[in-house]
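Structural description and commentary
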Amino acid sequence: RVMIGNKVDENHVNYETAYNMLTGIRFTVSRCNAKIDRELEDSDFTARNKFSFDITGNELTPSAKYDFKFKDYAPWVFRHLRAGFDIDPADYLVSLTSKYVLSELGSPGKSGSFFYFSRDYKYIIKTIHHGEAKFLRKILKDYYNHVRENPNTLLSQFYGLHRVKIPYGRKIHFVVMNNLFPPHLDIHRTFDLKGSTIGRDFKEEDLEKNPRATLKDLNWLRRNLHLEFGPTKKAAFVSQMEKDVALLQRLGIMDYSMLIGVHDLLRGNTEQLRERTLKVYQPHHEQGEDQNIISGLARTPSKLETAKRARELRDMVKRQRPVPMEHAVDKMPAEAHRTSLMFYADNGGYQATHENDMPGEVIYYLGIIDCLTRYNIVKKAEHFWKGFGGNEPQISPIPPVRYGDRFNKFIAGITMSHERAEKQRRSITID
Ligand code: ATP
Ligand code: CA
Ligand code: CA
């Protein structure tokens, strides 16, 4: 998969879905956030609200371009989660819905999920299977409590869980989560590590065709790489990972990975960011029409109305309007990554350190992703294949506790400063 999006324009097969997702998010998130904050109750974890959108609009919902139904899961829980993750409510809405711009990430993988970026690259929408959505709701309280006790969690930060359905269409569940990678810095290499070697190899010769490909465990080992953290940062990182993995083990989850993006400070930003931004879809409609969608008006508004809508939006978000991506790029570094969260505090990531804890030459962008797969689902698939053709599956799934232990061991094992790695290498050579 590549990290550059393909535009989702009006001719794109998924344009309608993308539009409906954003319209639903915009409506439900502002609806919940408009209320005075309160403590969570048990019923908040199972709450779900259903809304119907249509082209005429009604007392409850504004008019939309298409007819669709939108289901919003546990809005109060996600509101609190977003707050805990330091997400400014206005920022969230602006990033996702101030313009209906999304870009689709590569082609869908084995799982059939689709990935979309918000136009400022901060958020990812991932479509998930019904089973995964059900499971997330089941574990939501455990996840919530974990995040409260571990604000620096490395687990995917979930900001919303929703469902869209068009008439006669299928139900599409999706989550909104953090993009681990920064909008303003080149990621020179990407790895998706599981701590397994079976089938965990990206064909090196395909790298030429696709230099941004996500590499795997064997590619990492072949390059003799390390997550170069000195003692202090290593201790913080490994201890958080172990706490996060303990939760996943307890919940019977497996098949997750440590996603790692490497930004080499010595190489800096060589790629043209503009190139990246140009690939992000700019909708066909003009500024006026954008406002039209936002405000849900059915006709093209006058200049005055447009200005008024713009002002309203501006007031709503209580800060400046988002600048178009191509202008925003220069402004992003300082702006985009103010966070107190430990592993995202160094320019959005976690900077390498030397053995003496002095800063290193690389920034890592990392987190534990794809953590909604329960063991029994994989087991079922395995049994299916076994019963089907009698062929052994390529990857034999191991139970969650063993999966987690192997994961921890692998990641902790590759985490050491450059100096320590050198020393280890030399002592091995001497032996
Ligand atoms: P499969 O189940 O086949 O592994 P999936 O559809 O569940 O695939 P993920 O494993 O969640 O997909 O993610 C696939 C790829 O998408 C990752 O390897 C990574 O390149 C990118 N990706 C996923 N989540 C994020 C994220 N939060 N930030 C940045 N990139 C991400
Ligand atoms: Ca995965
Ligand atoms: Ca998956």
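Right above here is the structure, for reference.
Residues numbered from 1 in each chain as written. Chains lettered and ligands numbered in written order. Predicted model: local features only at pLDDT ≥ 70, side-chain atom pairs only at ≥ 80, totals over all residues. Heavy atoms only, no water.

**Quick look at the coordination of the calcium ion (ligand 3)**
Selection rule: Metal donors were taken as nitrogen, oxygen and sulfur atoms no farther than 2.8 Å from the ion, or 3.2 Å where the ion is Na, K or Ca. Water is excluded, so coordination may look unfinished. Counting from the N terminus, the helices are DSSP H or I runs at least four residues long and the strands are E runs at least two residues long.
The protein atoms that coordinate the calcium ion (ligand 3) are Asp370 (OD) and Asp370 (OD), at distances spanning 2.5 Å. A separation of 4.3 Å is found between the calcium ion (ligand 3) and the calcium ion (ligand 2), which share Asp370 as a coordinating residue. Tracing the sequence through the fold places Asp370 in the loop between strand 13 (359-369) and helix 11 (375-389).

**Some thoughts on the packing of helix 1 (residues 15-33) against helix 3 (residues 89-97)**
Note the cut-off: Axis geometry follows a simple rule: fit a line to the C-alpha atoms, using only the stretch in contact for helices, then measure angles between N-to-C directions, giving values from 0 to 180 degrees. An angle below 35 degrees is treated as roughly parallel, one above 145 as roughly antiparallel, one from 65 to 115 as roughly perpendicular, and anything else as oblique. Each crossing gets its handedness from the near helix: less than a right angle anticlockwise from the far helix is left-handed, clockwise is right-handed. Residue contacts are defined here by distance: any two heavy atoms, one from each residue, within 4.5 Å place the two residues in contact. Each residue receives one of three labels: charged for Asp, Glu, Lys and Arg, nonpolar for Ala, Val, Leu, Ile, Met, Phe, Trp, Tyr, Cys and Pro, and polar for the others, Gly being one of them.
Contact geometry for helix 1 and helix 3: axes closest at 10 Å, N-to-C directions at 165 degrees. In terms of orientation, helix 1 lies roughly antiparallel with respect to helix 3. Between helix 1 and helix 3 the crossing geometry is left-handed. Judged by residue contacts, Leu22, Ile25, Arg26, Val29, Ser30 and Asn33 of helix 1 engage Pro89, Tyr92, Leu93, Leu96 and Thr97 from helix 3. Of the residues belonging to the contact of helix 1 with helix 3, the class tally is seven nonpolar, three polar and one charged.

**Observations regarding the packing of aromatic side chains**
Remark: the centre distance and the inter-plane angle together describe each pair of aromatic rings, the angle taken between the planes. Stated formally: Side-chain rings of Phe, Tyr and Trp (the six-membered ring for Trp) are treated as a pair once their centres are within 6.5 Å; stacked means planes under 30 degrees apart, edge-to-face means over 60, and tilted covers the remaining angles. Working definition: with a 1.4 Å probe on protein chains only, accessible area under 20% of the residue-type maximum means buried, over 50% means exposed, and in between means partly exposed. A ring is considered to have a charge above it if a Lys NZ or an Arg CZ atom is located within 6 Å of its centre and within 35 degrees of its normal.
Summed over all chains, the structure comprises 21 aromatic pairs. Between Phe27 and Phe53, the aromatic rings sit 5.6 Å apart at their centres with planes inclined by 90 degrees, giving edge-to-face as the arrangement. Of this pair, Phe27 sits in helix 1 while Phe53 sits in strand 2 (residues 48-53), and the two are 26 residues apart along the sequence. Take Phe53: its relative accessible area is 2%, and that puts it in the buried class. Ring geometry for Phe191 and Trp220: centres 4.9 Å apart, planes at 85 degrees, overall edge-to-face. Of the two residues, Phe191 is situated in strand 9 (residues 189-193) and Trp220 in helix 5 (residues 217-222); the sequence distance between them amounts to 29 residues. Trp220 shares its class with Phe191; the two are buried. Cluster of aromatic residues (ring-pair linked, three or more members): Phe229, Phe237, Phe343, Tyr350 and Tyr364. The ring of Tyr350 carries the charged tip of Lys233 above its face, separated from the ring centre by 4.5 Å.

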